[in-house]
Amino acid sequence: MRHHSYEQHSDELVAESPEVPVLDREGEAGRPQPGAFDAVVDQAAGVLIAVGRMSSAEAWDVLRETSMRTDIKLRHVAELLVEWGRTGALCADIRIELDRQLAQRRPAPGL
């Protein structure tokens, strides 16, 4: 049996985790670089880009904020949003928070 130090094991777990934010070239934390998260999160971002007419950075912010405010893991929020894109069905807590997030990002009338 091979023993790893705590730091080695921790580094391995972080490297395998798809939701760990990484620093981009400008040093901005919180937004993963392309390929840093899995396909379902990419798909959910695509749903938000289409529905909310937003940039990919804004879609990531909506996913992250919705996850934090509903206390539902980011990946699960992404799965629910992808399913919503297919079926039109979305649980109430996610729908309420998503509506709130999208309303915050809409331009004011007349602009």
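Now for a quick tour of the structure.

The rules we used
- Residues numbered from 1 in each chain as written.
- Predicted model: local features only at pLDDT ≥ 70, side-chain atom pairs only at ≥ 80, totals over all residues.
- Heavy atoms only, no water.
- Core = buried A, V, L, I, M, F, W, Y, C linked by side-chain atoms within 4.5 Å.
- Buried < 20%, exposed > 50% of the residue type's maximum accessible area, 1.4 Å probe, protein only.
- Contact = heavy atoms within 4.5 Å.
- Axes fitted to C-alpha atoms, helices over the stretch in contact; angles between N-to-C directions.
- Helix = DSSP H or I, 4+ residues; strand = E, 2+ residues; numbered from the N terminus.
- Parallel < 35°, antiparallel > 145°, perpendicular 65-115°, else oblique.
- Left-handed = near helix turned anticlockwise from the far one by under 90°.
- Nonpolar A, V, L, I, M, F, W, Y, C, P; charged D, E, K, R; others polar.

**Structural notes on the nonpolar core**
Piece 1. L48, L63, L81 and L98 are the most contacted members of the largest nonpolar core, which totals 22 residues.
Piece 2. When neighbours within four sequence positions are excluded, L63 is seen to be in contact with V41, A44, A45, L48, L74, V77, A78 and L81.

**Notes on the packing of helix α3 (residues 56-70) against helix α4 (residues 74-87)**
A pair of packed helices can be characterised by two numbers: the angle between their axes and the separation between those axes.
Piece 1. Two numbers describe how α3 lies on α4: the axes approach to 9 Å, and their chain directions differ by 115°. Taken as axis vectors, α3 and α4 run roughly perpendicular relative to one another. Handedness of the α3/α4 crossing: right-handed. Residues W60, L63, R64, T66, S67 and T70 of α3 form the contact with α4, whose participating residues are L74, V77, A78 and L81.
Piece 2. Of the residues contributing to the contact of α3 with α4, the split by class is 6 nonpolar, 3 polar and 1 charged.

**Concerning the side chain of E97**
Piece 1. Within the fold, E97 resides in helix α5 (residues 92-105).
Piece 2. Contact partners of E97, with chain neighbours within four places excluded, come to E65, T66, R69 and T70.

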